[in-house]
Amino acid sequence: MKKEGSLPDVITFAGNGEPTMHPEFPAILDDTLRIRGEICPNARIAVLSNSTMLHKPKVVEALRKVDDNILKLDSGISETIRVLDQPVGIFDLVKVVQNLKQFNGSQIIQTMFIRGSFEGTQIDNTTESELVAWIALLREIQPKSVTIYTIARDTPSNDLFKVSVDELEKIALRVKVETGLEVQVSG
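All values derive from a computational prediction rather than experimental measurement. For every chain, the first residue of the written sequence is number 1, and numbering continues from 1 along that sequence. Given that the model is predicted, a residue must reach a pLDDT of at least 70 before its local features are reported, and side-chain atom pairs must reach 80 or more before they are shown or counted; all residues, however, enter totals for whole chains, interfaces and linings. Calculated side-chain values reflect all of the structure's heavy atoms, with hydrogen atoms and water omitted.

**Quick look at the overall build of the protein chain**
Okay, so step 1: Working definition: helices are DSSP H or I runs of at least four residues, strands are E runs of at least two. Numbering for both runs from the N terminus. Each helix and strand counted, the protein chain has six helices and eight strands in total.
Okay, so step 2: For the protein chain, the α and β elements follow one another from N to C terminus as β-α-β-α-β-α-α-β-β-α-β-β-α-β.
Okay, so step 3: As a reference, a globule follows 2.2 Å times the number of residues to the power 0.38, and the radius of gyration itself is taken over C-alpha atoms. A compact globule built from 187 residues would reach a C-alpha radius of gyration of about 16 Å, and the protein chain, at 17 Å, matches this within 12%.
Okay, so step 4: Under the scheme applied here, a residue whose accessible area is under 20% of the maximum for its type counts as buried, over 50% as exposed, and between as partly exposed, the area being computed with a 1.4 Å probe on protein chains only. The 187 residues of the protein chain split such that 44% are buried.
Okay, so step 5: Of all intrachain contacts in the protein chain linking residues separated by at least 6 positions in sequence, the fraction that spans at least 24 positions is 68%. Contact between two residues is taken to exist if any of their heavy atoms lie within 4.5 Å; hydrogens are not considered.

**Here we look at a nonpolar patch on the surface**
Okay, so step 1: A residue counts toward a patch only above 30% relative accessible area and without a salt bridge, and it is joined to like-charged neighbours within 9 Å or, for Val, Leu, Ile, Met, Phe, Trp and Tyr, to nonpolar neighbours within 5 Å. Methods summary: accessible areas were calculated by the Shrake-Rupley approach with a probe of 1.4 Å, and residue burial reflects only the protein chains presented. Any carboxyl oxygen of Asp or Glu within 4 Å of a side-chain nitrogen of Lys or Arg constitutes a salt bridge here. On the surface, a nonpolar cluster with roughly 350 Å² of combined accessible area is contributed by Met 1, Leu 7, Ile 35 and Ile 39.
Okay, so step 2: Among the structural elements, Ile 35 can be located in helix α1 (residues 25-39).
Okay, so step 3: Since its relative accessible area comes to 38%, Ile 35 is described here as partly exposed.

**A word on the side chain of Thr 80**
Okay, so step 1: Within the fold, Thr 80 resides in helix α3 (residues 78-85).
Okay, so step 2: Judged by its relative accessible area of 11%, Thr 80 falls in the buried class.
Okay, so step 3: Here Thr 80 is in contact with Ser 75, Asn 125 and Glu 130, once residues within four sequence places are set aside.

**Brief notes about the packing of aromatic side chains**
Remark: the centre distance and the inter-plane angle together describe each pair of aromatic rings, the angle taken between the planes.
Okay, so step 1: For this analysis, a ring pair means two rings from Phe, Tyr or Trp (six-membered ring only for Trp) whose centres lie within 6.5 Å, classed as stacked if their planes differ by under 30 degrees, edge-to-face if by over 60, and tilted for the remaining angles. Overall, the coordinates contain two aromatic pairs when judged by the stated rule.
Okay, so step 2: On the basis of an interplanar angle of 80° and a centroid distance of 6.0 Å, the ring pair of Phe 13 and Phe 25 is categorised as edge-to-face. Taken together, the residues Phe 13 in strand β1 (residues 10-13) and Phe 25 in helix α1 connect sequence positions twelve residues apart. Here Phe 13 and Phe 25 have matching classes, each one buried.
Okay, so step 3: Consider the rings of Phe 113 and Trp 134, whose centres lie 5.1 Å apart with planes at 90°: the pair is edge-to-face. Of this pair, Phe 113 sits in strand β4 (residues 107-118) while Trp 134 sits in helix α5 (residues 128-141), and the two are 21 residues apart along the sequence.

**Considerations on the side chain of Thr 147**
Okay, so step 1: Among the structural elements, Thr 147 can be located in strand β6 (residues 145-150).
Okay, so step 2: The exposure class assigned to Thr 147 is buried, which follows from its relative accessible area of 14%.
Okay, so step 3: When neighbours within four sequence positions are excluded, Thr 147 is seen to be in contact with Ile 108, Ile 109, Gln 110, Thr 111 and Gln 184.

**Some points on the pairing of β6**
Okay, so step 1: Burial within β6 is extensive, with five of its six residues counted as buried.
Okay, so step 2: Here a strand pair is declared whenever DSSP counts at least two bridges between the two strands. Here six bridges tie β4 to β6, and the two strands are oriented parallel to one another. Counterpart to Ile 109 in the pairing with β6 is Val 146.
Okay, so step 3: In this sheet, strand β8 (residues 182-186) lies alongside β6 in parallel orientation, the contact comprising five bridges. Paired with Thr 147 across the bridge in β8 is Gln 184.

**Section: the environment of Gly 116**
Okay, so step 1: Relative to the elements of secondary structure, Gly 116 occurs in strand β4.
Okay, so step 2: By relative accessible area, which is 12% here, Gly 116 ends up buried.
Okay, so step 3: Those residues in contact with Gly 116, other than ones at most four positions away along the chain, are Thr 121, Gln 122, Ile 123, Asp 159, Leu 160 and Phe 161.

**Brief notes about the environment of Ile 109**
Okay, so step 1: Mapped onto the fold, Ile 109 is located in strand β4.
Okay, so step 2: Owing to a relative accessible area of 0%, Ile 109 belongs among the buried residues under this scheme.
Okay, so step 3: A C-alpha to C-alpha distance of 5.8 Å links Ile 109 and Ile 70, two positions 39 residues apart in sequence.

Written out as structure tokens, the structure is:
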């Protein structure tokens, strides 16, 4: 890429899983930062994380090194997160929020808005009660910014539906007004 003059703007850790679960994630990130510094120092490093490994100090330390630390929080209500994200093992939203606060405003919170049903359970994290709970957590966490989006690919159920860009824009405006946070909408 360097030889062709087309260096990346961003190097992103994402994929079909949680990148921070890899046992060597901190070392891999350090190697990436070193190579980025040598080859394309203007490229940003981004990590998309579902926030499940933030109880591990080495993961937090590694994530503090990246330019765009993008952490998921799909609801302010535990039951909604359980249905929507299906976390494995014990899930404690209070602990997740405590872990998100460790970044002292250097993180980006990413939230997917969706509605429909999954395995007979209704899901709609755009309701008034959902938005009130989620915005309260955003106020508590105080991230650098918020990114909101809706489903963009196949889901495990045909009964899950996108939220319109117009609705996402209204949610973004509400967050800006109520918290002062910057919000990016991706439809």
